[in-house]
Amino acid sequence: MSTPASQAMATKAKAMYGNHLKANDYQELLRKNSVQEIASYLKNDTAYKSILSGINEQTVHRGFLEMLIRQEYHLEFLKLIHFGDPSKSKFYRYGIISIEIKQVLVTLRNLGETDRSTQIAQLPMFANKLTHFDVQGLVKVNNFEELLAYLRNTPYY
């Protein structure tokens, strides 16, 4: 038997799914020749209007555009979390695990880098209260041994 919270979450999820890019959107994106053209299309013709409203599509960097799109994914996930208890649902855990794995992989890619600004920009600070570890602390990790030590009391160790 479903609860009112799960029914509300299902309704919200269906509405959000309806805003995702369709096959014709992907076909249109394939016709674009530059990041600027892609940014303009996403900003003006898709549900990404709100997250991209403040960008100048003529000067936006690909990495920044990707970060904003990932941020939209995280914001959608947060909207769904409001309908239930993340500690009691495997659905919510999937979203959190996805965020944790991504942050560990970003850290591995950035080991040895002196400029960690890209990693810092990708940190999902909103999720810190739900994750197995403080995602911000990953920025301080400088080598594989430190990463292992940082993840010692988590499932990722």
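Rules of the game
- Residues numbered from 1 in each chain as written.
- Predicted model: local features only at pLDDT ≥ 70, side-chain atom pairs only at ≥ 80, totals over all residues.
- Heavy atoms only, no water.
- Helix = DSSP H or I, 4+ residues; strand = E, 2+ residues; numbered from the N terminus.
- Buried < 20%, exposed > 50% of the residue type's maximum accessible area, 1.4 Å probe, protein only.
- Contact = heavy atoms within 4.5 Å.
- Areas by Shrake-Rupley, 256 points an atom, 1.4 Å probe, with all protein chains shown as cover.
- Core = buried A, V, L, I, M, F, W, Y, C linked by side-chain atoms within 4.5 Å.
- Phe/Tyr/Trp six-rings, centres within 6.5 Å; stacked < 30°, edge-to-face > 60°.
- Polar contact = N/O pair within 3.5 Å; in protein donor to acceptor, adjacent residues only side chain to side chain.
- Salt bridge = Lys/Arg side-chain N within 4 Å of Asp/Glu carboxyl O.

Colleague: What is the right way to read the overall build of the protein from this model?
Modeller: If you tally the helices and strands in the protein, you get eight helices and zero strands. Order of helices (α) and strands (β) in the protein, N terminus to C terminus: α-α-α-α-α-α-α-α. Evaluated residue by residue, the protein yields a buried proportion of 34% over its 157 residues. Looking at the protein alone, contacts between residues at least 24 apart form 44% of all its contacts between residues at least 6 apart. On the protein, roughly 9,900 Å² of surface is accessible, and the fraction owed to carbon and sulfur atoms is 56%.

Colleague: Quick question: what am I supposed to make of the nonpolar core here?
Modeller: A general trend in soluble globular proteins is that nonpolar side chains are found buried together. Residues Leu42, Tyr48, Leu52, Ile55, Leu65 and Leu68 are the most contacted members of the largest nonpolar core, which totals 13 residues. Elements represented by at least two residues in this core include exactly α3 (35-45), α4 (49-52) and α5 (62-81). In contact with leucine 65, other than residues within four places in its own chain, are Val35, Ile38, Ala39, Leu52, Ile55 and Val60. Counting nine residues, the second largest nonpolar core, distinct from the first, contains Phe77, Leu80, Ile99 and Leu130.

Colleague: Even after reading the chapter, I still don't get the packing of aromatic side chains, so can you show me in this structure?
Modeller: Remark: the centre distance and the inter-plane angle together describe each pair of aromatic rings, the angle taken between the planes. Within the structure shown, the criterion is met by two aromatic pairs. Measuring from centroid to centroid gives 6.3 Å for phenylalanine 133 and tyrosine 150, while their planes differ by 75°, and the two rings are edge-to-face. With phenylalanine 133 in the loop between α7 (117-121) and α8 (144-150) and tyrosine 150 in helix α8, this residue pair connects regions lying 17 residues apart in the sequence. For tyrosine 150, a relative accessible area of 29% corresponds to the partly exposed category. A centroid spacing of 6.0 Å and a plane angle of 85° characterise the contact between phenylalanine 133 and tyrosine 156, whose relative ring orientation is edge-to-face. Here phenylalanine 133, found in the loop between α7 and α8, pairs with tyrosine 156, found in the segment after α8; they are 23 residues apart in sequence, far enough to count as distant.

Colleague: Sorry if this is basic, but what is going on with the side chain of threonine 131 here?
Modeller: Relative to the assigned elements, threonine 131 resides in the loop between α7 and α8. A distance of 2.5 Å separates a polar side-chain atom of threonine 131 from the backbone oxygen of phenylalanine 133.

Colleague: What is the right way to look at the pattern of salt bridges in this model?
Modeller: It is possible for side chains of opposite charge to pair when their charged atoms get near one another. With the rule as written, the count across this model stands at four salt bridges. Between arginine 31 and glutamate 28 there is a salt bridge, and its shortest N-O distance comes to 3.2 Å. Residue arginine 31 is classed as exposed on the basis of its relative accessible area of 52%. Connected through shared salt-bridge partners, Glu28, Arg31 and Lys32 make up one network.

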